[in-house]
Amino acid sequence: MAAFGSVFMPEMALASFENNQWTDASIVSADSISLHPGAHVLHYSSTCFEGLKAFRHEDGSVHVFRMDQNVKRFAQSSKLLALPELDNEQVTQMIKDIVAKYAQDVPLPPGSMYIRPTHIGTEAAVGKAAAPSLTSMVYVLLSPVGDYFAGGSKALRLLLDETGQRCAPHMGMIKSGGNYASALAPTLEAKQQYQADQILFCPNGYITETGAANFLLVDGNEIITKALDSTFLHGVTRSSILTIAEDLGMTVSEREISVEELLERAAKPGTEAMLSGTAAVLTSVGTFIHNGEDIKVGSGEEGPIANKLRQALNDIQWGKAPDTHNWLTKIA
Ligand SMILES: *Cc1c(COP(=O)(O)O)cnc(C)c1O
């Protein structure tokens, strides 16, 4: 099967910011943009993106999950990068229009249509290292995706890194390309040296997140995760899982977690650790690697609470449980 995110629908929605205003959005061929090689994004990384999904229900209808949250975060990322201000209504309509056009191609669960809104600075101006791009482009790509865990899911190995950081702390809440580039070399090194799947960045001994997912810890009936601040990405999946945990009667604690506490709790049976994000939803962490040693989390296997929380979220997304929080927008 094709790798996640490597197949695209042939068209996308596109709007440009020129002469201080947004052009009308249109639907164009997905490989149709042309950029000057001196474009701001190619030199100074004026780029941000979003990732959200559309789901097909059993009755054939198509629904986008928590679109308002993603559009809001997209606008915030654009603002923090000094890109032209988004027109949230226009972006929302672009997502609806392109998903409606390809509604027939939205896969059945466990597949979905991954939606990738992207905003890039297009001004040809290599002299603008310290000035914003005055022109930009927003496009919304679609990528049908299958079961993320086809071939079996297994609990992840996470390297606890107390010295490095994923990205510059003031960039943490921006979903921007440079942040992934920043985390790549250390992550590749962790893979090679420790067979780690990801790094859990813990600067100064306190956990933040991995390269592209938030971290959650479960101890009995309590779910614990870092409280929101500007240093890390505010995941929509994180927020959805916390809401569902509360609905299921769990105690939600948003606070700092030290590596010391993490290792203490990991040793106890019944502890679970997990990563959350739109692509993989919720994935169990089986092992922490700390000071060259493997430390099992609880059983070291996929945990029952992670399965329960993932199932509860999927049930809402797939139309199998009532959408009590109004998270779905019906498109077709
Ligand atoms: C996208 C992303 C997440 C997860 O966010 P979701 O909204 O849940 O998909 C977490 N951390 C980073 C760094 C991300 O880029």
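Residues numbered from 1 in each chain as written. Predicted model: local features only at pLDDT ≥ 70, side-chain atom pairs only at ≥ 80, totals over all residues. Heavy atoms only, no water.

Identification of the protein as Branched-chain-amino-acid aminotransferase from Vibrio xiamenensis is taken from an unreviewed UniProt entry. Among the UniProt annotations of the protein, the heading Cofactor (unreviewed entry) holds the following wording: "pyridoxal 5'-phosphate". As stated in UniProt under Function (unreviewed entry), the record for the protein gives "Acts on leucine, isoleucine and valine." (UniProt positions renumbered as here; feature names shortened; annotations may be inferred.)

Enquirer: What is the right way to look at the nonpolar core in this model?
Expert: Val64, Ile95, Val99, Ile115 and Leu142 are the most contacted members of the largest nonpolar core, which has 32 residues in total. The set of elements that each furnish at least two residues to this core consists of strand E1 (11-18), strand E5 (52-56), strand E6 (62-65), helix H2 (67-80), helix H3 (88-101), strand E7 (112-121) and strand E8 (136-145). Top element by residues in this core is H3. It accounts for five residues. (Core = buried A, V, L, I, M, F, W, Y, C linked by side-chain atoms within 4.5 Å. Buried < 20%, exposed > 50% of the residue type's maximum accessible area, 1.4 Å probe, protein only. Helix = DSSP H or I, 4+ residues; strand = E, 2+ residues; numbered from the N terminus.)

Enquirer: Is there a simple way to think about the pattern of salt bridges in this case?
Expert: Side chains that differ in charge, positive against negative, can pair when their charged atoms come close. What the rule picks out here adds up to 13 salt bridges. Where Glu209 meets Arg166, a salt bridge forms, and the shortest distance between an N and an O atom there is 3.6 Å. Taken together, the residues Glu209 in the loop between strand E10 (198-201) and strand E11 (214-219) and Arg166 in the loop between strand E9 (156-161) and helix H4 (177-194) connect sequence positions 43 residues apart. Across the pair, exposure class does not vary: Glu209 and Arg166 are buried alike. (Salt bridge = Lys/Arg side-chain N within 4 Å of Asp/Glu carboxyl O.)

Enquirer: Sorry, what's going on with the domain arrangement of the protein here?
Expert: A common way to express how large an interface is: the accessible area buried when the components associate. By the assigned domains, the protein splits into domain 1 (11-145) and domain 2 (156-317). Domain 1 and domain 2 are separated by 27 Å when their C-alpha centres are compared. On the side of domain 2, 19 residues touch domain 1, which itself brings 20 residues to the contact. Of the roughly 1,600 Å² buried where domain 1 meets domain 2, counting both sides, 60% is carbon and sulfur surface. A per-residue breakdown of the area domain 1 buries against domain 2 is headed by Phe49, Phe65 and Arg73, which together make up 35% of the total. Summed over the shared surface of domain 1 and domain 2, the number is zero salt bridges. Between the two partners, domain 1 and domain 2, sit ten residue pairs in polar contact (both at pLDDT 80 or more). (Domains from an automatic or database assignment. Contact = heavy atoms within 4.5 Å. Buried area = accessible area lost by both parts, 1.4 Å probe. Polar contact = N/O pair within 3.5 Å; in protein donor to acceptor, adjacent residues only side chain to side chain.)

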